[in-house]
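Inside the fold
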Amino acid sequence: MGKTDIGPPDYKKYLPPVIQKNYGKWKYHEILKPGLLKHVGESGEELYTVRAGSPRLLSTDHIREICELADKYCDGYLRFTSRHNIEFLLSDPRKVEPLLAELKNKNYPVGGTGHSITNIVHTQGWVHCHTPATDASGPVKAVMDELYEYFVTMKLPSQVRIALACCLNMCGAVHCSDIAILGIHRTVPKPDHARVMNICEIPTTVASCPTGAIRPDPKTKSVVINGDKCMYCGNCYTVCPALPIADPENDGISIWVGGKVSNARTPPMFSKLVIPFLPNNPPRWPEVVSAVKNIVEVYVKHARQHERVGEWINRIGWERFFTLTGIEFTDKHIDDFTMATDTFRSTTQFKWG
Ligand code: SF4
Ligand code: SF4
């Protein structure tokens, strides 16, 4: 195939030599301690991975520092995981302890491996996106400060993946994480009629609504939104900036649990709603922090070894989950969307709490 300038270069060019040589030929791997993995190839060659947390939004100075560490200890080879952990990839075992010592010295949190809470994957938040119902880095920092001990140890029953998306377009993995923090809007967009006609295309705006809640209004050359049909997704605002949806009083956070991507033991699972609304309370989001911490602590106390949050809940039943966590069950937990009937429990077998 001829060379083009389209698309990224082949990632294999950037793999450390030890990975290139042993690609697809690894014999086994083990976690030596929190934040340190060892891979051994069939050739006998070894790869050491040191994992450290990152705040995701990185200054150029910080990126330079990370690169300098990689130059010093691992011939410049490092990568970022999908949950924004930094991974230093070393082929020389003698450099592992000096790197760990320097990371400790520089206050990098080392961990996030095995049965831990690894870095929280999160979205853009107030710093960058136009539709957020909450911030991203702010609540994540507040939650991780509280759960830090679970990052640097591996004492949980299984790994706990936490994700945050600041609206339900969810650039984060909130649909399939053990605990998901999801920003929600609760009010209908407010059309600015004078601007709609100047900056928006009416047909595209109407077509952008997944529930058909928007119709054109020829009289005003703007649009009308049917509040009963609106599910506050903010999709129309992405297409037409004259339909702002942000609402400081009514925007906030919902908590979802029990999702996972893994195929181990049970098929992958979607996260389910457990707390419909918590207020935005910056800068430390105390309500969100204590809600997430409570779920983690109840899970730690009651789950069996290797059981993910969703697997634990499926074993004990949702009724018992709500009893143990003290979370109130409300009408908001009942899915009344058109396609919800498929998901309703249609058996008389209940696990009473
Ligand atoms: Fe923007 Fe929504 Fe993505 Fe957050 S989740 S960055 S608000 S689109
Ligand atoms: Fe439709 Fe979503 Fe806009 Fe509501 S917020 S009008 S559901 S696109």
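What comes next concerns the included structure.

Cut-offs applied
Residues numbered from 1 in each chain as written. Chains lettered and ligands numbered in written order. Predicted model: local features only at pLDDT ≥ 70, side-chain atom pairs only at ≥ 80, totals over all residues. Heavy atoms only, no water. Helix = DSSP H or I, 4+ residues; strand = E, 2+ residues; numbered from the N terminus. Buried < 20%, exposed > 50% of the residue type's maximum accessible area, 1.4 Å probe, protein only. Contact = heavy atoms within 4.5 Å. Areas by Shrake-Rupley, 256 points an atom, 1.4 Å probe, with all protein chains shown as cover. Lys, Arg positive; Asp, Glu negative; His and termini not counted. Charge placed at Lys NZ, Arg CZ, Asp CG, Glu CD. Salt bridge = Lys/Arg side-chain N within 4 Å of Asp/Glu carboxyl O. Near = heavy atom within 4 Å. 1 Å grid on protein atoms, 1.4 Å probe; cavity = no way out; pocket = protein on both sides within 12 Å on 5 of 7 lines; lining within 4 Å. Sits in = over half its atoms within 2 Å of the grid points. Nonpolar A, V, L, I, M, F, W, Y, C, P; charged D, E, K, R; others polar. Points joined across faces, edges and corners; volume = space filled by probe spheres on them.

In terms of regular secondary structure, the chain is built from 10 helices and 12 strands. Taken over the C-alpha atoms alone, the chain extends approximately 75 × 60 × 45 Å along its principal axes. Residues classed as buried in the chain amount to 44% of the 353 residues present. Partitioning the contacts of the chain with sequence separation of at least 6, the portion at a separation of at least 24 is 64%. By element, 55% of the accessible surface of the chain is carried by carbon and sulfur atoms, the whole surface being about 19200 Å². Between the centroid of the 41 positive side chains of the chain and the centroid of its 37 negative side chains there is a distance of 4 Å.

Another point: the pattern of salt bridges. Summed over all chains, the structure comprises 20 salt bridges. Its salt-bridge partner being Glu146, residue Lys293 comes within 2.9 Å of it at the nearest N-O pair. Note that Lys293 is positioned in helix H8 (residues 286–302) and Glu146 in helix H4 (residues 137–151), a separation of 147 residues in sequence. Since its relative accessible area comes to 26%, Lys293 is described here as partly exposed. Classification of Glu146 as partly exposed rests on a relative accessible area of 37%. Between Glu297 and Lys293 there is a salt bridge, with its nearest N and O atoms 3.9 Å apart. Of this pair, Glu297 and Lys293 both sit in helix H8, 4 residues apart, roughly one helical turn. Under the relative-accessibility criterion, Glu297 is labelled partly exposed at 38%. Residues joined in a network through salt bridges with shared partners are Arg51, Arg79 and Glu87.

Of all residues adjacent to ligand 2, which total 13 residues, the nearest are Cys209, Cys230, Cys233, Gly234 and Cys236. Most atoms of ligand 2, that is more than half of them, are within 2 Å of grid points of the largest cavity. Residues belonging to the shell around ligand 2 are distributed by class as follows: 10 nonpolar, 3 polar and no charged.

Bringing empty space enclosed by the protein into the picture now. Any space left empty among the atoms is revealed by the rolling of a water-sized probe across them. All told, the structure shown has 1 cavity of 30 Å³ or more when counted by the stated rule. Roughly 90 Å³ of internal volume is contained in the largest cavity. Lining of the largest cavity is provided by 15 residues; of these, Cys209, Ile214, Cys230, Cys233 and Cys236 occupy positions nearest its centre. Taken together, the residues that form the lining of the largest cavity break down as 11 nonpolar, 4 polar and no charged.

Turning our attention to the layout of surface pockets. Reported here for the largest pocket is a volume of approximately 2300 Å³. Lining of the largest pocket is provided by 40 residues; of these, Trp256, Leu273, Lys332, Ile334 and Asp335 occupy positions nearest its centre. Put simply, the parts of the chain that give the lining of the largest pocket at least two residues each are strand S8 (179–184), strand S11 (252–257), strand S12 (272–279) and helix H10 (318–325). By residue class, the composition of the lining of the largest pocket is 22 nonpolar, 8 polar and 10 charged. The calculated volume of the second largest pocket comes to roughly 480 Å³. Along the walls of the second largest pocket sit 21 residues, with Ser54, Pro55, Pro109, Asn119 and Lys141 positioned nearest its centre.

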